[in-house]
Amino acid sequence: MARIIDLTAHSAVYATRLLVESGHEVIRIEPPRGDSLRRLGPFLAEAPDLEHGAYHLFLNAGKRNLTLDLTSATGREILLSLVSTADAVVGQSPFPVSREDVKQANPRLVTVEVEDDASPELCAYARSGLLAITGHPGSRPAVLGGHIVYGGSGLYVALAATVALYQAQRLGRGSTIKVSLQQCLETFVEAAMVAYTFEDRITQRRGYRGASTAVSGAFPCQDGYWMISVPHSPTGWRAFVEWVNDPVLMADTSLEHEANRLENRDMILDRLAEWSRQFKKQEIVEEAQRRHIPASPVATALDMVHDPQLEARGFFDHVDHPTLGSWNWNPRGAVGVVSGRTVGPAPRLGQHTAEILRELGYSEEDHRRLLEAGVV
Amino acid sequence: MKQAQRPETSASPAGRDPQDAPPLDGIRVLDFSHVLAGPFSTRLLADLGAEVLKVESSVRPDRLGATKMELPPHRRQDRPPFFLNVNRNKHSITLNLKTAGGRQLAAKLAAKADVLVENFSAGVMDRLGLGFANLEPMNPGLIFVSMSGFGHTGPRRDWISMNMTLQAYSGLLMVTGAPGDLPTSISNSWNDYIGGLHASFGVVEALAEREKTGKGKHLDFAQLECSVATIAPLVLASAYHGKEPARMGDRSTSVAPQGCYRCAREDDWCTLSVQTDEQWQALVQAMGNPDWASDERFALVLGRLNHHDELDGHIEAWTSQYSSIEVEHRLKAAGVPAERMRRIDEIVGASDAGQAFQWMEDPPDAMLVTRLPMELDVGGSAPLAPAPRLGEHTNQALQDWLGMSTEDIAPFTDEGALT
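Residues numbered from 1 in each chain as written. Chains lettered and ligands numbered in written order. Predicted model: local features only at pLDDT ≥ 70, side-chain atom pairs only at ≥ 80, totals over all residues.

**Observations concerning the overall build of chain B**
Formally: Here a strand is any run of E in DSSP of at least two residues, a helix any run of H or I of at least four, and the numbering for each starts at the N terminus. Once C-beta atoms are placed from the backbone, each residue is buried if 20 or more other C-beta atoms lie within 10 Å of its own, exposed if 12 or fewer, and partly exposed for counts between those two. Here the contact rule is simple: place C-beta atoms from the backbone, and any two residues whose C-beta atoms are within 7 Å are in contact.
The helix and strand tally for chain B stands at 16 helices and 12 strands. Reported as C-alpha extents along the three principal axes, the dimensions of chain B are approximately 85 × 55 × 50 Å. For chain B, the residues scored as buried account for 53% of the 419 residues in total. Relative to all contacts within chain B whose residues are 6 or more apart in sequence, the contacts with residues 24 or more apart total 69%.

**Structural notes on the domain arrangement of chain B**
As a reminder of what qualifies: The domain boundaries here were taken from an automatic or database domain assignment.
Once the domains are mapped, chain B shows domain 1 (8-231 + 356-415) and domain 2 (258-346). When each unit is reduced to the centre of its C-alpha atoms, the spacing between domain 1 of chain B and domain 2 of chain B is 44 Å.

**Comments concerning the sheet that holds strand 4 (residues 115-118) of chain B**
Neighbouring strands of a sheet are bound in pairs by backbone hydrogen bonds; such pairs are parallel or else antiparallel. All names here are of chain B. Note the following rule: A pair of strands is treated as paired once DSSP finds two or more bridges between them. Angles here are taken between N-to-C directions and fall from 0 to 180 degrees, while the axes themselves are lines fitted to C-alpha atoms, restricted in helices to the stretch in contact.
Strands sit in the order 3-2-1-4-5-6 across an open sheet of six strands; the sheet is parallel. Strand pairing shows two members of the sheet lacking a second neighbour, strand 3 (90-94) and strand 6 (217-222), which therefore form its edges. Put simply, the sheet's adjacent strands are angled 20 degrees from each other on average, direction ignored. Relative to strand 5 (residues 143-148), strand 4 runs parallel, the two sharing four bridges. Within the sheet, the bridge partner assigned to Val115 lies in strand 5 and is Ile143. Strands strand 4, strand 5 and strand 6 of the sheet are contacted by helix 8 (residues 190-213), whose axis makes an angle of about 165 degrees with strand 5.

**Looking at the interface of chain A and chain B**
Opposite the 107 residues of chain A that make contact, chain B presents 117 residues. Per-element tally for the side of chain A that touches chain B: the top contributor is helix 6 (residues 149-171) of chain A, with 15 residues. Relative to strand 12 (residues 374-376) of chain B, strand 6 (residues 176-180) of chain A is paired through three bridges, and the arrangement is antiparallel. Across the sheet, Val179 of chain A pairs through a bridge with Met374 of chain B, a residue of strand 12 of chain B.

**A short note on helix 1 (residues 37-47) of chain B**
Residue and element names in this part refer to chain B. Burial runs high along helix 1: 11 of the 11 residues are buried. Looking only at helix 1, the buried set comprises Ala37, Gly38, Pro39, Phe40, Ser41, Thr42, Arg43, Leu44, Leu45, Ala46 and Asp47. Backbone geometry just downstream of helix 1 places Gly49 in the positive-phi region, at approximately 110 degrees.

This is the structure in structure tokens:
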């Protein structure tokens with residue numbers, strides 16, 4: 001397994017989390033006062049602190065942590081010494097040490113440089129074209145919640161890292177891959193690009209109703225919302241009508257054709273919304289699935305905590321966390337479930353500084369001096 | 001590094017120096033996947049140099065992008081444009097898996113593949129005799145990737161999923177938007193991209209592991225889990241507090257003001273995000289130093305966070321006088337981070353955007369396609385090549401992968417296995 005130095009910002013930090021899920025050793029380097037990811041709420045504590053931010057706890061889970069003042073020459077020297085023991089550095093471009101120094105410290109090193117102009121997430125989202133397709137028609141557009149879009153960019157960075165490591169393994173030499181954050185976000189509007197270049201059509205926000213097929217969308221039920229997507233085909237429609245048992249929809253056989261359903265979409269969807277109010281989220285989607293109609297709960301983050309499918313697949317496992325105690329909701333992650341690995345707790349700020357310095361050959365005395373100088 | 005025995009198929013093609021080849025050069029991917037998550041994933045592998053052989057049948061072609069669309073006569077008419085974008089750089093073989101011959105050839109091809117990708121419902125490949133358990137004895141190095149909606153285990157493994165139902169199930173709709181908003185979605189196939197990227201990452205990790213162990217594995221990805229993982233921090237917070245996380249709309253938990261503000265034209269918006277007190281002063285100046293802005297409560301970030309609604313009212317009164325282009329221009333000139341909401345027509349062909357799209361020759365035409373958003377300094381990525389016609393490489397693949405002659409192929413053609 002590779003040793004990876006993590007200098008990523010939020011826009012790419014999911015990459016190094018995935019490398020942990022895959023079994024690699026990841027050393028995250030932070031400034032001695034902690035980085036902004038630690039300051040991002042919500043917090044798994046009554047008051048904000050540096051150890052209980054939800055994003056830090058998930059995205060840094062299983063990593064080792066070294067604090068280093070990279071604005072100081074000594075800090076950069078320690079980084080280069082660590083680089084000489086590593087297989088890869090993944091981080092925001094430009095790195096705090098020069099490319100030449102890095103190559104000299106370790107000619108076989110793999111570097112993944114994320115080109116991110118540090119625009120605020122919302123602004124980058126707007127510039128990429130994603131904002132124009134998120135939200136409800138005509139109303140205020142929304143950025144994806146939970147910084148999900150950085151999951152997308154982090155995934156591209158993870159792909160770059162694994163590819164470069166694989167290539168280094170085969171060729172016996174390192175390489176550099178540059179990943180453009182803006183381009184990563186733009187790839188997710190490719191369907192709009194195709195519609196525009198082939199049909200001159202500008203994709204707009206479609207909201208929650210009729211977004212994919214005529215009869216699709218999120219509809220209210222007793223305890224929230226559920227989502228249905230009735231397929232284009234006449235058979236899909238017949239299965240749906242038989243279930244809903246609506247005399248008006250049953251009587252009109254012209255609705256077997258998707259084109260006619262599109263024309264009468266609001267009428268159909270209004271009736272569907274009225275009908276589904278009597279059911280609970282789980283019962284209605286289970287019945288739909290029993291009838292082979294694609295449906296799902298419109299789940300909340302809290303619903304996920306006790307989801308039967310995630311539970312059965314072992315998506316969450318148990319961890320003994322130093323301050324949260326015995327904690328049952330440690331996500332293995334999508335790759336962790338597949339690789340069968342557990343991911344340890346997120347490190348405290350500077351938790352592994354002493355042992356990493358020791359591994360690099362620094363003495364106790366050196367460590368004390370570095371502490372006093374504020375380098376670590 | 002010690003090289004364990006590798007399957008013979010992963011050798012680089014003769015004559016090419018591996019230093020000059022894309023990283024996945026020589027890797028053979030047999031791709032049974034349809035629509036988007038799988039084909040997107042294998043496009044990434046193709047861009048990285050893998051040889052991707054897409055398995056389809058004329059009785060069951062990949063329906064990606066198949067809406068009735070009037071295409072100009074100079075365009076390729078054989079497949080929909082979106083299909084062409086997602087399936088470029090691949091080869092195509094037609095195999096009718098309903099025939100014994102079709103299944104037999106599929107199994108033989110799988111025996112020669114490094115990677116097999118499928119996104120059928122759980123159990124479908126097993127019923128075709130093409131499950132991991134069937135293929136692994138013939139090809140112990142095979143990396144078998146499943147990409148079903150919910151995974152091949154668990155009580156909901158047979159549930160049908162679509163992009164929108166996965167967006168909903170993963171929590172995306174209820175963490176996006178402001179408090180009290182209706183479920184709020186993104187109008188693209190977000191989950192397919194997220195799932196596809198996870199799978200490609202998993203494939204390359206498995207290839208690296210195989211270099212050492214010589215062994216393949218079954219990667220049973222669940223699209224749901226891929227999407228939930230990207231929301232995991234909020235799931236953690238919910239588990240801890242026993243309640244839903246706050247929906248933030250376009251706001252930040254740590255800086256203010258931040259938002260998307262209405263501008264003068266129809267459905268015209270500009271975002272801004274004030275990161276520091278200095279930027280706040282710059283914003284005030286850009287708005288012409290209005291009286292309200294001198295209010296003490298707005299001087300520091302905590303006050304601005306606490307009075308965000310009031311602040312938004314004032315800011316929007318200013319932004320709504322101008323077009324988003326004008327607002328963006330004035331804010332940027334003042335040093336305030338801002339970007340207008342751009343639709344696709346302001347991205348394609350722009351000098352400062354749209355670099356993820358690149359022209360590709362597809363004779364007699366050319367089309368804009370999505371490229372890999374990265375630059376590799378060793379080996380590069382694979383050059384762009386048009387999507388195959390249905391079954392274009394059927395004979396060639398049977399010759400190249402299996403060494404079959406025209407005479408060997410004939411009985412399968414007669415049986416209808418190659419349609």
